[in-house]
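# Topology and contacts: notes
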Amino acid sequence: MRLTADQIREMAPDAGSAKAGASLAAAKHWTELGRDDAAMWGLCKGSAVYQVKIDLSDLGYYCSCPSRKFPCKHVLGILLLASHSEETVPAATIPSWASDWLARRQESKEKKAAKAEAPKKPVEEAAQAERTANRMRRIADGLDRLDLWLDDLVRRGVAGIEAEGAAPWREQSRRLVDAQAPGLASRVSLIGEIPGSSADWPNRLLAEAGKLRLFTDAFRRLDRLDASLQAELRQTVGLIATAEDLTRDGERISDSWIVGGQTVEDADRFRTQRSWLFGRESGRRALMLQFAPGQQPFAEIVAPGTERRGELVFYPGAARQRAKFISAGEGTLEAVTARWPGFDAIESFLDSVADDLARYPWSEAFGATFRDVTFVPVAGAWFVRDDAGDALPLARVDRRRVLARTGGAPFDLVGEWNGREFRPLGFFFDGAYRIV
Amino acid sequence: MDDLVKMALAGTNRMPFDAARDGRPAVRLVGLSRPSSAEGDAAAALLEACGAEAVYRFAGYRPARDVPPLAPAPTEDRAFASSTVAAAAEGWFSRLTPPVILEFARELERAGLLIPPELLPTVLAIEDRRLRIALAPSLGARGRWLAALDGDAAAWAAPSRESTVLEELRTTFERGTIDERVAALADCRKIDRGESRRWLEEAFASEKAENRRRLLETLESDAGPDDEAFLETARHDRSTQVAALATRVLAEMPSSKLVSRLTKRAGQILRGSRNWLRKLSLRVELPKEIPEDWKQDAGGEDRVGQKSEKWNLVLAILRAVPLVHWEKEFGATPEALVGAIAEDEDADAVACGWTASLARDANARRDGRWWSALFDYASALKGSGEKRTVRDPLVLRRLGALVDETNVDRWLSLTERLPADARDAWFADARSALDGPASERIAPAFVARIRRELAASPTDEAYRWASLLEPLALALPFEAMPAALVTWKVPESDAWHARRTGQLVESFVDVVSRRRRLVEQIRAEASRPS
């Protein structure tokens, strides 16, 4: 598989690493460069000679350098070098220092898979029930305190709270973390960024705070709701579905899954990677989430514009959005080279959003692929327009990259809709996928 | 603003809220679950109403209808350069390296290729007008279409649309910052000299002194007879800096009245005589009382502070006179003329004046005889031991700025006999020369010299030469690249200087190789059948 330079830059932990990687993307820095169907490798001369190895089946990597950035500049460098052309990293016989690593990796994958299949130790049900009850009590207390605070805020009036900044919201977020509701805590933390951030901040703030208030009410009535809604609310609050939950209740769909677009958000020294996947045959969309503290790497490399055949399991719940591969690194990665299903009409997409919101009103955003759309300016703002002339407002992104490539001709677009604006993440034009 | 939001901003303590009485379906729904309007519940109900209304709007979002399509970019009549070219050029654009960007623009235009689409957003973000002018011919219909979408079309318009460009420049000149105004005036001058002078004349009186000087500088490089009247007015400006600049610009205009006055005075102050062997000697003779108009005419801004009034007067007068005048006047070669003044107490002022004249006179520079004669004069050593120094460092520095392919070898060999202080200045001048207009022509000689120095010495001397590799990597013309990329022999030592020298060489080879690949790729695509 050959990734584009854009795709590789997306993998970099920060701009500095991307730049440093680019400076190593020249053959002169490398010896024993080579690749075969399974791997790519090379020795990079820095202050010492570093071994760089990449497993092409899932872009797993190893570099012997001491960097705490993942992937490091050496991994990015060899990938960028390989992106120039087929010849820059020539086909060769894998040396033992790379094949040993590859074999160990394969072995570890197999062990993990076997462990996943193996029967779990029986849990002490009474103790677990007590633990769960305790946690639910703490969460309920945490939600009560949040409600009191929110109600008090609206009683006094939210005018002027922008002067206080995000601090009060962060404090509430910390309390929710203490109450073991981390999912809700990060929502509250994000709401704290809204006051004063735009002219319409009061509308946005009250919409989000209002949904939060509805959520706490719904959570209090958890046992009166249907099972899928219960599962989704639990996950939103931060009660992670267990492997058993996934095995028992998760919907499994086997398909060729395309990573259409990706965002990475930094909040409170914690990074969240959101990748929108689309099934080539099923047309199903899925949201794959990965979390990492600070500059630590995400567990799996998920590169936009790649495609992998495998089985996704959807987390049980009403939203039917979040999913993960049954086994990490399943299937072989390929670059996307052909169009995939999507909405021809914006109207149809919005109908599907309405259906999804009816099932779970707290969904924040929806991934979408549109076929044959264009960007158009309307009264100083930019919109994505379908063939019928319907259009959605675009988020502020570098639309010039898309327009320069397409010259105004229709293209396929991947992005995320949050009810206010469509955020383009990638597009497919002229036989190639590109990141926006 | 929405009623719900207004209430929430004011607070339910001031504006009571009852969801059940609201007309909106989503809010009424909240009213069903919270019928009471008790104080505590009112705030919760209002919040939930805001949430329900947000979900309702999200789910019921209707797109904008009947949005007209965007007219696509016109079809191109030339091919785009490939994505390989884009990838090779991208780094130069992201680090904004003007010499390579100019080279890229030149090569693309020569190859008849257009800027690759993926590079257009980066290119269009460039604000340097010199680069914009160079890149504009290869922008193509796609690039201009893209620029027009952001209202940036005028700045990138084809030359046929000069009036639009002028309008845009006029707006910038009237409303921009001083830097933007100076750039706009200079660009306007490239299109219509008369128009740019009119703008200058209109604005001049109301500008502050520093701005007047900055704006006047736009005339510096190409002032002509049509500018003389304006410059004569500016010579009497209330700011001495502005007046001095105008005087200097006029002094560099061979046909100006100022130059003819100065030429006449030059004949009066530089007297020649021959001895019985017919050997020429020259001397400076100034009137006992310097007339006021002489002083005023000599008021150029390049007066040298630490020199005397007399020295500056001689410099100002001689610099305005073409050098060929002296060859005719005294029937002597440059070498003989320089030799004839060498013994006079004002010889340095004369040499400096002649060097300034040489800088202005392209024909004399190409001839090379004056450069050589002045170089021999200025670089002659005087004194002994540690006190040994060159005869005239000021003239030598000025000659350094005039180095070209005809004299670069002599200039390079000067380093072999320069005392330490003068060598520091020489290396600084060399760096400037490699950034200067003759950089491409002198670069190959530098490569050969530095290669020799590195092979010969592992000391800090080698490092000193290697430090010139950085500007040299950008100055080197394409034709000289293969020779520059032949394997370098670098000092083998663990000393810091040697290691750093190795790094500089590596970086030089990298930069030159990348420039070479870019040019070769463009040329290969130009010769590829379409």
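The notes below deal with the structure included here. Per chain, the residues get numbers from 1 upward, laid out in the order the sequence is written. Chain A is the first chain written and ligand 1 is the first ligand written, with later ones labelled in order. Under the rules for a predicted model, residues below a pLDDT of 70 receive no local features and side-chain atom pairs below 80 are neither given nor counted, while totals for whole chains, interfaces and linings still include all residues. The basis for the side-chain values is all heavy atoms of the structure; hydrogens and waters are excluded.

## Digging into the overall build of chain A
For helices the rule is a DSSP run of H or I covering at least 4 residues; for strands it is a run of E covering at least 2, with both sets numbered from the N terminus onward. Of regular secondary structure, chain A possesses twelve helices and 16 strands. With the C-alpha coordinates of chain A rotated into their principal frame, the extents come out at 70 × 65 × 45 Å. Relative accessible area decides the class of each residue, using a 1.4 Å probe on protein chains only: under 20% of the type maximum gives buried, over 50% gives exposed, and in between gives partly exposed. Split into buried and exposed, the 436 residues of chain A put 52% on the buried side. Note on areas: these come from Shrake-Rupley sampling with a 1.4 Å probe, and a residue is covered only by the protein chains present in the view. Approximately 19600 Å² of chain A is accessible, and the part contributed by carbon and sulfur atoms is 51%. Taking the 61 positively charged and 62 negatively charged side chains of chain A as two groups, their mean positions are separated by 5 Å. The sign given to each residue is positive for Lys and Arg and negative for Asp and Glu; His and the chain ends receive no count. Note that the charge is assigned to NZ on lysines, CZ on arginines, CG on aspartates and CD on glutamates.

## Considerations on the pattern of salt bridges
Residue and element names in this part refer to chain B. Salt bridges are defined by distance alone: a side-chain nitrogen of Lys or Arg within 4 Å of a carboxyl oxygen of Asp or Glu. Scanning the model with the defined rule gives 88 salt bridges over all chains in all. Between R181 and E207 there is a salt bridge, and its shortest N-O distance comes to 2.5 Å. Within this pair, whereas R181 is found in helix 11 (residues 178–191), its partner E207 is found in the loop between helix 12 (193–204) and helix 13 (209–216), the two being separated by 26 residues in sequence. Look at E207 and you get buried, because its relative accessible area is 11%.

## Considering the interface of chain A and chain B
When the parts of a complex come together, some accessible area is lost, and that lost area is often taken as the interface size. Any pair of residues with heavy atoms lying within 4.5 Å of one another is described as a contacting pair. On the chain B side, the residues contacting the 56 residues of chain A number 50 residues. Around 4400 Å² of area is buried between chain A and chain B when both sides are counted, 62% of it from carbon and sulfur atoms. When two parts are brought into contact, each loses some accessible area as probed by a 1.4 Å sphere; the total of that loss over both is the buried area. Summed over the three residues of chain A that lose the most area to chain B, namely V154(A), R155(A) and R400(A), the buried surface amounts to 16% of that side. Seen at the junction of chain A and chain B, the total is ten salt bridges. Residues D390(A) and R65(B) are paired through a salt bridge, measuring 3.0 Å at the closest nitrogen-oxygen approach. Polar contact criterion, stated in full: a pair of N or O atoms within 3.5 Å, where within protein one must be able to donate a hydrogen and the other to accept it, and residues adjacent in sequence count only if both atoms are side-chain atoms. Summed over the shared surface of chain A and chain B, the result is 21 residue pairs in polar contact (both at pLDDT 80 or more). Sort the elements by how many residues they give to the side of chain A that touches chain B and helix 8 (residues 201–220) of chain A lands first, with ten residues.

## What about the nonpolar core?
The tendency in soluble globular proteins is for nonpolar side chains to be buried side by side. Membership of the largest hydrophobic core comes to 170 residues, with the highest contact counts inside it found for F104(B), W326(B), W354(B), W411(B), W426(B), F446(B) and F508(B). In contact with F508(B), other than residues within four places in its own chain, are V447(B), L469(B), L472(B), A473(B), L476(B), A484(B) and W488(B). The nonpolar core is taken to be a set of buried Ala, Val, Leu, Ile, Met, Phe, Trp, Tyr and Cys residues, with the residues joined through side-chain atoms within 4.5 Å. Membership of the second largest hydrophobic core comes to 52 residues, among which are V154(A), V158(A), L239(A) and A19(B).

## Some words on the sheet that holds strand 2 (residues 39–45) of chain A
Residues and elements named next belong to chain A. Strand pairing requires that DSSP identify at least two bridges connecting the strands. Pairing within the open sheet is antiparallel, and its four strands lie in the order 1-2-3-4. Each edge of the sheet is formed by a strand with only one pairing partner; in this case those strands are strand 1 (30–35) and strand 4 (60–63). Averaged over all pairs of adjacent strands, the angle between strand axes in this sheet comes to 10°, irrespective of strand direction. Across seven bridges, strand 2 lies against strand 3 (residues 49–55) in antiparallel orientation. Bridge pairing in strand 3 links L43 to Q51. Comment: axis = line fitted to C-alpha atoms, over the contacting stretch for helices; angle = value between 0 and 180 degrees taken between N-to-C directions. Strand contacts of helix 4 (residues 96–117): strand 1, strand 2, strand 3 and strand 4, with the helix running at about 45° to strand 3, the strand carrying the most contacts.

## Details of the packing of aromatic side chains
Geometry of aromatic contacts follows a simple scheme: Phe, Tyr and Trp rings, the Trp one being its six-membered ring, pair when their centres are within 6.5 Å, and the pair is stacked under 30 degrees between planes, edge-to-face over 60, tilted otherwise. Within this structure, the stated rule accounts for 28 aromatic pairs over all chains. Seen in terms of ring centroids, W340(A) and F428(A) are 6.0 Å apart; in terms of plane orientation they differ by 70°. Their pairing is edge-to-face. Of the two residues, W340(A) sits in the loop between strand 10 (333–335) and helix 11 (346–359) while F428(A) sits in strand 15 (residues 422–429), which places them 88 residues apart along the sequence. Each member of the pair, W340(A) together with F428(A), is buried. Ring geometry for W340(A) versus Y433(A): centroids 6.4 Å apart, planes at 35°, classification tilted. Within this pair, whereas W340(A) is found in the loop between strand 10 and helix 11, its partner Y433(A) is found in strand 16 (residues 432–435), the two being separated by 93 residues in sequence. Of the two residues, W340(A) and Y433(A), both sit in the buried class. Feature note: the residues W411(B), W426(B), F427(B), F446(B) and W465(B) constitute an aromatic cluster, connected by ring pairs. Two limits define a charge over a ring: the Lys NZ or Arg CZ must be within 6 Å of the ring centre, and within 35 degrees of the ring normal. Positioned above the aromatic ring of Y315(A), the side-chain terminus of R322(A) is 4.3 Å from the ring centre.

## Focus: the sheet that holds strand 13 (residues 391–393) of chain A
Residues and elements named next belong to chain A. In spatial order, the strands read 13-12-11-14-15-16; together these six strands make up an open sheet with antiparallel pairing. Edge strands, defined here as strands with exactly one partner in the open sheet, are strand 13 and strand 16. When the angles between neighbouring strand axes are averaged without regard to direction, this sheet yields 45°. Relative to strand 12 (residues 381–385), strand 11 (residues 366–378) is paired through five bridges, and the arrangement is antiparallel. Across the sheet, V376 pairs through a bridge with F383, a residue of strand 12. Of the strands in this sheet, strand 11, strand 12, strand 13 and strand 14 (411–417) touch helix 11, which is tilted by about 135° from strand 11.

## With respect to helix 2 (residues 15–23) of chain A
Residue and element names in this part refer to chain A. Residues S17, A18 and G21 constitute the buried set of helix 2. All buried residues of helix 2 fall inside an arc of 100° around its axis, so they share one side. Seen from the buried face of helix 2, the exposed residues on the opposite side, beyond 90 degrees, are A15 and K19. Next to the buried residues of helix 2 lie helix 1 (5–11) and helix 3 (73–84). The arc in question is the one spanned by the directions pointing from the helix axis to the C-beta atoms.

## Focus: the pairing of strand 5 (residues 251–267) of chain A
Residues and elements named next belong to chain A. The pairing of strand 5 with strand 8 (residues 306–314) spans eight bridges and is classified as antiparallel. Paired with I258 across the strands is E307, a residue of strand 8. Pairing analysis gives ten bridges linking strand 5 to strand 6 (residues 270–279), with the strands arranged antiparallel. Bridging across to strand 6, W257 finds its partner in G279.

## Considerations on empty space enclosed by the protein
All names here are of chain A. Cavity and pocket criteria rest on a 1 Å grid covering protein atoms alone: a 1.4 Å probe that fits but cannot get out defines a cavity, protein on both sides within 12 Å along at least 5 of 7 lines defines an open pocket, and an atom within 4 Å of a point defines a lining residue. Grid points are joined across faces, edges and corners, and a volume is the space filled by probe spheres set on the points. In this structure the tally under the stated criterion is four cavities of 30 Å³ or more. Reported here for the largest cavity is a volume of approximately 90 Å³. Residue lining of the largest cavity: 13 residues in total, with V259, V302, R308, F325 and L333 positioned closest to the centre. Elements represented by at least two residues in the lining of the largest cavity include exactly strand 5 and strand 8. Of the residues that constitute the lining of the largest cavity, the class distribution is nine nonpolar, one polar and three charged. When residues are sorted by character, Ala, Val, Leu, Ile, Met, Phe, Trp, Tyr, Cys and Pro go into the nonpolar class, Asp, Glu, Lys and Arg into the charged class, and all the rest, Gly among them, into the polar class.

## Some thoughts on helix 11 of chain B
The span expected for a helix works out to 1.5 Å for each residue beyond the first. Here helix 11 of chain B is 14 residues long and its end C-alpha atoms lie 20 Å apart, about the 20 Å a rise of 1.5 Å per residue gives. All buried positions along helix 11 of chain B are accounted for by R181(B), V182(B), A184(B), L185(B), D187(B), C188(B) and R189(B).

## Details of the environment of T216(A)
Residues and elements named next belong to chain A. Looking at where T216 falls in the secondary structure, it is placed in helix 8. Along the backbone, T216 and D144 are 72 residues apart, and their C-alpha atoms lie at a distance of 8.0 Å. Discounting residues that sit within four places of it in the chain, T216 has contacts with L143, L146 and D147. A polar contact is formed between the side chain of T216 and the backbone oxygen of R213, at a distance of 2.8 Å.

## Regarding the packing of helix 4 (residues 83–94) of chain B against helix 5 (residues 98–111) of chain B
Residues and elements named next belong to chain B. Where helix 4 contacts helix 5, the two axes come as close as 9 Å, and the packing angle between them is 150°. Relative to helix 5, helix 4 is oriented roughly antiparallel. On helix 5, the residues that touch V85, A89, W92 and F93 of helix 4 are V100, I101 and F104. Note that the term roughly parallel is reserved for angles under 35 degrees, roughly antiparallel for angles over 145, roughly perpendicular for angles of 65 to 115, and oblique for everything else.

## Quick look at unusual backbone geometry
All names here are of chain A. Cis peptide bonds are those with omega within 30 degrees of zero, and the linkage from F70 to P71 qualifies with -10°. Of note, P71 is situated in the loop between strand 4 and helix 3. Backbone geometry at R320 places phi at a positive 50°, although glycine is not the residue there. Mapped onto the secondary structure, R320 falls in the loop between strand 8 and strand 9 (323–325). Although it is not a glycine, D430 sits at a positive phi angle of roughly 55°. Locating D430 in the fold gives a position in the loop between strand 15 and strand 16. Exposure remark for D430: the relative accessible area of 68% places this residue in the exposed category.

## Quick notes on the pairing of strand 6 of chain A
Residues and elements named next belong to chain A. Counting buried residues along strand 6, nine of its ten residues qualify, which places the element largely inside the surrounding structure. As paired strands, strand 6 and strand 7 (residues 285–293) are joined by nine bridges and run antiparallel to one another. For Q273, the partnering residue across the bridge sits in strand 7 and is Q290.

## Regarding the side chain of D217(A)
Position of D217(A) relative to the elements: it lies in helix 8. Excluding its chain neighbours within four sequence positions, the residues that come into contact with D217(A) are R34(B) and E48(B).

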